[in-house]
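The primary structure of each chain is shown beneath.
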Amino acid sequence: MKFHHRMIIIIDRISRNILLLLFFFVSGQTIIAQGKPDEVAKNEQIVRKYFNWLDANGRKNFSLSDLMINAAFSLLNTPYVPAVLERNDEEKLVVNLQELDCMTFVENCLALSRSAQYSSPDYDYFVRELRKIRYRKGVIQGYTSRLHYTTDWLYDNAEKGIMEDITYALGGKKFKPQVSYMSSHPDLYPALKDNLPEVERMIEIENQINRRNSYYYIPRNEIQEKTALIKNGDIICFTTSLPGLDISHLGIAYWNK
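Owing to the predicted nature of the structure, the values given are computational and were not obtained by experimental measurement.

Definitions and limits used
Residues numbered from 1 in each chain as written. Predicted model: local features only at pLDDT ≥ 70, side-chain atom pairs only at ≥ 80, totals over all residues. Heavy atoms only, no water. Helix = DSSP H or I, 4+ residues; strand = E, 2+ residues; numbered from the N terminus. Buried < 20%, exposed > 50% of the residue type's maximum accessible area, 1.4 Å probe, protein only. Areas by Shrake-Rupley, 256 points an atom, 1.4 Å probe, with all protein chains shown as cover. Salt bridge = Lys/Arg side-chain N within 4 Å of Asp/Glu carboxyl O. pLDDT = per-residue confidence, 0-100. Polar contact = N/O pair within 3.5 Å; in protein donor to acceptor, adjacent residues only side chain to side chain. Expected span 1.5 Å × (residues − 1).

What follows covers the overall build of the protein. Within the protein one finds eight helices and nine strands. Expressed as a percentage of its 257 residues, the buried residues of the protein come to 50%. Here the protein has roughly 12,500 Å² of accessible surface; of this, 48% comes from carbon and sulfur atoms.

Take a look at the structure:
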């Protein structure tokens, strides 16, 4: 099974010929998924509906890119709700397919696609894949074990073999993130507010990200000539000039005509 997925870091504009599905819509290995019974049932129903549709349409014949696009369309019209992962006093795996921001949209599509590659996919496979994608090394160990910065998310998931950064292969230029936003604005994050040990841990993580020399991006004036190299289902990330942040948005590429 081909489990790794393509990812591209790009700046904040892209050719109008590409439709981007940008939907503005614990400890150890134990999986703890947030949600009341009726919410869990709704999430299970959404996952089951996706798998059933795939089975009815030849699931085994779909590539991972096809699965990503089908997952994206299965979540069409889902409401955009910011900060859907920031609602717990204790860090838990939040499974919420009824409200999405751009990051959880991409994460859920990737988890759905990866779990669909198993011979008999079910909701538990999806939950395990989501945890593996969202947390450093796939392990929940408090708030800072979640991959908050997108460049850290990309790095860790590439290390786990989940995705492949193809930006350099597309002629990308060096990109040096200088992240500090979360430690500089702890009051914006309930888990960091008045929690100096967690802020200090976040500073350590930010320093690790800033020391890496493995990121590339496609400059704005080169996007047009690269568009033919972008394929259906590619994850596209948009850099930002906002001080302390790396990526402002991400989505899934989809060719329309």
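Looking now at the pattern of salt bridges. If the charged atoms of two oppositely charged side chains come close together, the side chains can form a pair. Per the stated rule, a full pass over the model turns up 12 salt bridges. Across the pair Lys173 and Glu222 runs a salt bridge whose closest N-O atoms are separated by 3.0 Å. Of this pair, Lys173 sits in strand E6 (residues 173-174) while Glu222 sits in the loop between strand E7 (216-217) and helix H8 (223-226), and the two are 49 residues apart along the sequence. Given the relative accessible area of 37%, Lys173 is considered partly exposed. Close ionic contact of Lys226 with Glu225 constitutes a salt bridge, the shortest N to O distance being 4.0 Å. The buried category is assigned to Lys226, whose relative accessible area is 13%.

Turning next to the confidence of the model for the protein. Scored by pLDDT, the protein comes out at a mean of 87, with 88% of its residues at no less than 70. The spread of mean pLDDT over the elements of the protein runs between strand E2 (residues 18-21), the lowest at 38, and helix H6 (residues 181-184), the highest at 98.

Turning to its location among the elements, Asp122 is positioned in the loop between helix H3 (102-115) and helix H4 (123-134). Asp122 gets classed as partly exposed once you look at its relative accessible area, which sits at 32%. Between the C-alpha atom of Asp122 and that of Arg48, which follows or precedes it by 74 residues, the distance is 7.1 Å. Only 3.2 Å separates the side chain of Asp122 from the backbone nitrogen of Asp124, close enough to count as a polar contact.

What follows covers unusual backbone geometry. Of note in the backbone geometry, Asp194 takes a positive phi value of approximately 60 degrees without being a glycine. With respect to the helices and strands, Asp194 occurs in the loop between H6 and helix H7 (196-211). Judged by its relative accessible area of 76%, Asp194 falls in the exposed class. Of note in this structure, Lys257 is not a glycine but carries a positive phi near 55 degrees. On the secondary structure map, Lys257 appears in the segment after strand E9 (247-255). Of the residues examined, Lys257 reaches a relative accessible area of 99% and is grouped as exposed.

Another aspect to go through is H3. If you check H3, its first and last C-alpha atoms are 20 Å apart, about what 14 residues at 1.5 Å a residue would give, namely 20 Å. Most of H3 sits inside the fold, with 14 of its 14 residues counted as buried. You can read the cap of H3 off the contacts: a side-chain oxygen lies 3.2 Å from the backbone nitrogen of Met103, and it is on Asp101.

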